[in-house]
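# A closer look at the structure
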Amino acid sequence: MKLSVELAPKHHRGLLLSNPVMTASGTFGYGTEYQHLFDIQELGAIVCKGTTLEPREGNPQPRLAETACGLLNSIGLQNIGVRAVIEEKAPVWAGWRVPVMVNIAGETVDDYAEVAGALDGVAGISGIEVNIGCPNVKAGGAEFGAHPDSAARVVAAVKAKTSLPVLVKLTPNTTDIAEVAVAVAEAGADAISMINTLKGMAIDVAQRRPFLGNITGGLSGPAIKPVALYMVYEVAGAVEVPVIGCGGITTASDALEFIMAGASAIQVGTANLTDPKAPFDVLEGIKQFMEKEGIEDIQELIDTARR
Ligand SMILES: Cc1cc2nc3c(=O)[nH]c(=O)nc-3n(C[C@H](O)[C@H](O)[C@H](O)COP(=O)(O)O)c2cc1C
C-alpha cells in the first residue's frame, strides 16, 4: 500500500511525506513533548508552534473557551522565538525521520522575511509554513491573508529569503479564499495549507463581559469542519499546487473527506488537545479504509469527490 505524498513537486528539493497525516501548528508543541508517548516518526510531518522573531508571552488569560463542538483560542502566538527554535529544537529534529515544518508569524512583511531567513539552511527543518492569518500592524490590524495583495507580498518576501519548501497557511477570514490562494500560488507558494481558525467570541453572561482576555479568538474543532471542507474543495479546484486540509479533523473518516475534496495531506489540530493519539488513529483508519476498499495508492483517493 502506497501512502506517500509529495507536497512540493515544483521545489528543487521537494517535500516527500511517508503518509498524509500531519499535526497542525499550535496543537502538538514542538513534537518533542510527545516523543516519549508515541512513535512520532510514524507521522507524515509535524508542524511546530507559530514562531516569531522575538519570544512572545501571548495574550491575557483566559485564552481558551469551549463552545458547542468547538474551541475558541486566543493564545496570541506565545512562543520561544526563532533563535531558541534554531538552538534548542532543530538539533533534536535533525535526528528524526519525520519531517518538521516551522510555522512562522509576523507583524510586518519584514518580520516574516527575517524569520524565514534565519531558518534557512538549519539542519532539522524540512519546510516553512507561513501563517498569513496574523494582523498586519502597519495596515491597521487587518489580517495579511484577508487580501490577495498583502498575502502575496508576504509569500514573495519569504520565498526570497529561503531555499526551503514554503507552505502557505490560509485564513478563512476573507471574502474569497480561492482568490487569495491563487495569489499566493502565483507568488511562489509550494503548497497551501488550510484553514486556520475562524474569528469568533464568547460572552460570560454572569459577568456580562467577553469571556476571553483578548475579547475575540479563533474557532476550531468539529464545528468548523464543513466550512473547512468546502474551502478546501474550492481552493483545490482553483490552484495547481498541493492543498493540505485542516479544520475539525478528528477521525479517519474526516480525513478521507478532505482527501476526497482535493487535499493531498491533512492536519489534525484541536483533536490532539483531547487525545494526542488522534493523528495516529487517523492514519491507522486511513490504512484500514484503503485495505477494505482495495486501494493501492492514496493518490487514487485525492480529489475523487469533484464534479
Ligand atoms: C490552541 C491553538 C493554537 C494554535 N496555534 C496556531 C499557530 O501558532 N499557528 C497557526 O498557523 N495555527 C495555529 N492554530 C490553528 C490550527 O493549526 C488549525 O489551523 C485550526 O485549529 C483548525 O484545525 P482544527 O479544527 O483541527 O484545530 C492553533 C489552534 C489552536 C486550537
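Just above sits the structure.
Attention in this report is confined to the structure presented alongside it. Each residue is numbered by its place in its chain's sequence as written, counting from 1. With the structure being a predicted model, the display of local features is reserved for residues of pLDDT at least 70 and the display and counting of side-chain atom pairs for 80 or more, all residues being used for whole-chain, interface and lining totals. Side-chain measures were taken over the full set of non-hydrogen atoms in the model, leaving aside hydrogen atoms and water.

## Re the nonpolar core
Note the following rule: Only buried residues count toward a nonpolar core. Its members are Ala, Val, Leu, Ile, Met, Phe, Trp, Tyr and Cys residues joined through side-chain atoms within 4.5 Å. Three exposure classes are used, based on accessible area relative to the maximum for each residue type with a 1.4 Å probe and protein chains only: buried under 20%, partly exposed in between, and exposed over 50%. By definition, residues are in contact when any of their heavy atoms lie within 4.5 Å.
Residues L170 and I286 are the most contacted members of the largest nonpolar core, which totals 93 residues. Filtering out sequence-adjacent residues up to four positions away, L170 remains in contact with I132, I177, V180, A181, V184, I192, S193, M194, I195, N196 and V235.

## Looking at the side chain of N79
Here is the rule: Every helix listed is a DSSP run of H or I at least four residues long, and every strand listed is a run of E at least two residues long, numbered separately from the N terminus. By the criterion applied in these results, polar contacts are pairs of N or O atoms within 3.5 Å in which, for protein atoms, one can donate a hydrogen and the other can accept it, and in which residues neighboring in sequence qualify only through two side-chain atoms.
Relative to the assigned elements, N79 resides in the loop between strand 6 (70-73) and helix 1 (82-93). Within the structure, the side chain of N79 is placed 2.9 Å from the backbone oxygen of L77, a separation counted as a polar contact. In contact with N79, not counting residues within four places along its chain, are Y30, K49, G50, T51, T52, E54, P55 and R56.

## Section: the pattern of salt bridges
Our working rule: What makes a salt bridge here is a side-chain nitrogen of Lys or Arg within 4 Å of a carboxyl oxygen of Asp or Glu, nothing more.
Evaluated as defined, the whole model comprises nine salt bridges. Among the salt bridges present, the one from E54 reaches R83, with a minimum N-O distance of 2.9 Å. Taken together, the residues span a long stretch of sequence, with E54 in the loop between strand 4 (45-47) and strand 5 (64-67) and R83 in helix 1 at a distance of 29 residues. Note that E293 is salt-bridged to K292, the shortest N-O span being 3.4 Å. You can call K292 exposed: its relative accessible area is 63%.

## Side note on the sheet that holds strand 6
Going by this rule: For two strands to be treated as a pair, DSSP must find no fewer than two bridges joining them. Lines fitted to C-alpha atoms define the axes, with helix axes restricted to the stretch in contact, and inter-axis angles between N-to-C directions lie between 0 and 180 degrees.
Within the open sheet, the four strands sit side by side as 5-6-14-11. Their pairing is antiparallel. The open sheet has two edge strands with one neighbour each: strand 5 and strand 11 (198-201). Across the sheet, the axes of successive neighbouring strands diverge by a mean angle of 35°, strand direction being ignored. Pairing analysis gives four bridges linking strand 5 to strand 6, with the strands arranged antiparallel. For E66, the partnering residue across the bridge sits in strand 6 and is L71.

## Details of the site of the ligand
For clarity, the cut-off: We call a residue near a molecule or strand whenever a single non-hydrogen atom of that residue lies within 4 Å of it. Computed with the Shrake-Rupley method and a 1.4 Å probe, the accessible areas treat only the protein chains shown as cover for residues. Ten residues, namely Ala, Val, Leu, Ile, Met, Phe, Trp, Tyr, Cys and Pro, are considered nonpolar, four, namely Asp, Glu, Lys and Arg, are considered charged, and the remaining ones, Gly among them, are considered polar.
Lining the immediate environment of the ligand, one finds 24 residues, of which S25, K169, G221, G248 and T270 sit closest. At 3.1 Å from an oxygen atom of the ligand is found a main-chain nitrogen or oxygen belonging to G50. In the model, an oxygen atom of the ligand is placed 2.7 Å from a nitrogen or oxygen of the G248 main chain. Relative to its unbound accessible surface of 610 Å², the ligand loses 96% to contact with the protein. In terms of residue class, the shell around the ligand is made up of seven nonpolar, 15 polar and two charged.

## A look at the environment of C246
Structurally, C246 is set in strand 15 (residues 243-246). Once the C-alpha coordinates of C246 and V166 are considered, the two residues, 80 residues apart in sequence, prove to be 17 Å apart. Beyond its immediate sequence surroundings of up to four residues, C246 is in contact with A24, M194, I195, A228, F258 and Q267.

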